[in-house]
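# Report on the structure
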Amino acid sequence: MSEPIHRSVYLADESATLELGASLGEALRDWPNGLVVFLEGNLGAGKTTLCRGLLRGLGHSGAVKSPTYTLVEPYELGGRTLNHFDLYRLGDPEELEYMGIRDYFKAGDVCVIEWPERGAGVLPEPDLRVTVTVDGSGRRARLQGGTSLGEQWLAYWTGSSGVECSGEGTSSSRGDQ
């Protein structure tokens, strides 16, 4: 079995995080399938900022708020739904069952989940895992395919985005950060 595809992108500041998110959103706009995306990282790492950029790339022009208290914020974007989850305040993964979590994972929809570890055992496996960590004075985003669909999307994004990234796995990399 081959190594999973992953890419790494250095983010110098908030603007670079928004740009990466927009690039991901633009690629999702033309992607015919939905995706389950886990956003991982410490508090303040830039997960919500990345999601804000992603929504902008998908064409959303309104406010983007973190659904910390509501758990989910749906966005209707040109025939596609993006469900933004923030599970930071989730007390028990079982609470997701009570809110009807499975109804949000429809074919063609995108589900972006912050703090996915708090929903362990209830959430589906991610197609794409994005981990944001501190790297010097900036951040580093590591994107990794979690399913074959996620790896296909990551290869598609890498070939179409123009974002400089380093990568490992079954696909060639561009750039070397």
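Residues numbered from 1 in each chain as written. Predicted model: local features only at pLDDT ≥ 70, side-chain atom pairs only at ≥ 80, totals over all residues. Heavy atoms only, no water.

## Notes on the environment of Val9
Take Val9: it is sitting in strand β1 (residues 6-11). Judged by its relative accessible area of 4%, Val9 falls in the buried class. For the pair formed by Val9 and Leu143, sequence separation is 134 residues and the distance between their alpha carbons is 8.2 Å. (Helix = DSSP H or I, 4+ residues; strand = E, 2+ residues; numbered from the N terminus. Buried < 20%, exposed > 50% of the residue type's maximum accessible area, 1.4 Å probe, protein only.)

## Observations concerning the side chain of Arg7
Along the polypeptide, Arg7 turns up in strand β1. Within the structure, Arg7 has its side chain in polar contact with the side chain of Thr158 (distance 3.2 Å). (Polar contact = N/O pair within 3.5 Å; in protein donor to acceptor, adjacent residues only side chain to side chain.)

## Brief notes about the packing of helix α1 (residues 14-30) against helix α2 (residues 47-57)
As a packed pair, α1 and α2 sit with axes 6 Å apart at the nearest point and diverge in direction by 45 degrees. Here α2 runs oblique to α1, going by the angle between their axes. In this structure, the crossing between α1 and α2 has a hand that is right-handed. Of the residues in α2, those touching α1 at Glu14, Thr17, Leu18, Leu20, Gly21, Ala22, Leu24, Gly25, Glu26, Leu28 and Arg29 are Thr49, Leu50, Arg52, Gly53, Leu54 and Gly57. When the residues that make up the contact of α1 with α2 are grouped by side-chain class, the tally is seven nonpolar, six polar and four charged. (Axes fitted to C-alpha atoms, helices over the stretch in contact; angles between N-to-C directions. Parallel < 35°, antiparallel > 145°, perpendicular 65-115°, else oblique. Left-handed = near helix turned anticlockwise from the far one by under 90°. Contact = heavy atoms within 4.5 Å. Nonpolar A, V, L, I, M, F, W, Y, C, P; charged D, E, K, R; others polar.)

## A closer look at the packing of aromatic side chains
For the structure on display, the rule yields five aromatic pairs. Summarising the aromatic geometry, the rings of Phe85 and Tyr104 are spaced 5.4 Å apart at their centres and angled 85 degrees between planes, so their arrangement reads as edge-to-face. Of this pair, Phe85 sits in strand β4 (residues 80-86) while Tyr104 sits in the loop between α3 (94-98) and β5 (110-114), and the two are 19 residues apart along the sequence. Under the relative-accessibility criterion, Tyr104 is labelled partly exposed at 23%. Members of the aromatic cluster, connected to one another through ring pairs, are Phe85, Tyr104 and Phe105. Taking NZ or CZ as reference, Arg118 lies 5.1 Å from the ring centre of Trp115, over its face. (Phe/Tyr/Trp six-rings, centres within 6.5 Å; stacked < 30°, edge-to-face > 60°. Lys NZ or Arg CZ within 6 Å of the ring centre and 35° of its normal.)

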